[in-house]
Amino acid sequence: MATTTSHKAAAESFLKLVCIDVPRAYAEFAGANFRHHNVWFPGNADALKKGMEDNLRQNPGKKLEIKQTIEEGDRVAVMSHVTFKPGDRGYALMHLFRFENGRIAELWDVAQEIPADSPNANGPF
């Protein structure tokens with residue numbers, strides 16, 4: 001069971017933990033009926049968990065930096081920057097969580113690759 005005191009803290013902890021220990025992240029934070037909306041995997045917890053484990057094995061230098069988090073009721077939105085190896089520009093990520101009984105019940109994610117040359121001087125963050 002998650003030991004955090006808010007959905008915001010739980011969402012952030014889950015994202016940080018899946019970058020080092022995917023099974024532990026799911027055990028500590030995912031609800032029994034967890035489902036997700038990542039279009040590259042079937043919508044159940046086991047499929048996404050396996051995909052995350054495969055990604056971590058392929059990218060042992062993976063790092064995630066949380067840029068901002070917003071919590072409203074049972075929903076949490078987290079904007080973060082993920083890189084897969086030193087010097088990698090990485091991706092801007094947005095995760096939206098829905099919680100039930102203190103556990104993650106539903107997850108949406110959107111990723112945008114950070115280009116080498118962008119006309120936007122504001123950057124992705």
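Refer to the structure above for everything that follows.
Residues numbered from 1 in each chain as written. Predicted model: local features only at pLDDT ≥ 70, side-chain atom pairs only at ≥ 80, totals over all residues. Heavy atoms only, no water.

Draft legend 1. Here's a closer look at the pairing of strand E2 (residues 63–72). Note: E2 against strand E3 (residues 75–83), nine bridges, orientation antiparallel. Each residue of the ladder has a partner; that of isoleucine 66, found in E3, is serine 80. Linking E2 to E3, which pair antiparallel, is a turn of two residues; within it glycine 73 sits at a positive phi near 60 degrees. (Pairing = 2+ DSSP bridges. Helix = DSSP H or I, 4+ residues; strand = E, 2+ residues; numbered from the N terminus.)

Draft legend 2. Structural context of the packing of aromatic side chains. All told, the structure shown has five aromatic pairs when counted by the stated rule. Residues phenylalanine 14 and tyrosine 26 carry aromatic rings whose centres are separated by 5.4 Å and whose planes lie at 70 degrees to one another, so their mutual orientation is edge-to-face. Of this pair, phenylalanine 14 sits in helix H1 (residues 7–17) while tyrosine 26 sits in helix H2 (residues 22–29), and the two are 12 residues apart along the sequence. You'll find phenylalanine 14 and tyrosine 26 in the same group, each marked buried. On the basis of an interplanar angle of 75 degrees and a centroid distance of 6.0 Å, the ring pair of phenylalanine 84 and tyrosine 91 is categorised as edge-to-face. A relative accessible area of 29% places tyrosine 91 in the partly exposed class. Three or more aromatic residues link up through ring pairs in this structure, and these residues are Phe14, Tyr26, Phe34, Phe97 and Phe99. Across the ring face of phenylalanine 125, the terminal group of lysine 67 is positioned such that the distance to the ring centre comes to 5.0 Å. (Phe/Tyr/Trp six-rings, centres within 6.5 Å; stacked < 30°, edge-to-face > 60°. Buried < 20%, exposed > 50% of the residue type's maximum accessible area, 1.4 Å probe, protein only. Lys NZ or Arg CZ within 6 Å of the ring centre and 35° of its normal.)

Draft legend 3. Molecular detail of the sheet that holds E3. With mixed pairing, five strands are arranged side by side in an open sheet as E1-E5-E4-E3-E2. Each edge of the open sheet is held by one strand with a lone partner, namely strand E1 (30–36) and E2. Pairs of neighbouring strands in the sheet enclose a mean axial angle of 25 degrees, with direction left out of account. Contacts from H2 reach E1 and strand E5 (103–113) within the one sheet, and its direction differs from that of E1 by about 115 degrees. (Axes fitted to C-alpha atoms, helices over the stretch in contact; angles between N-to-C directions. Contact = heavy atoms within 4.5 Å.)

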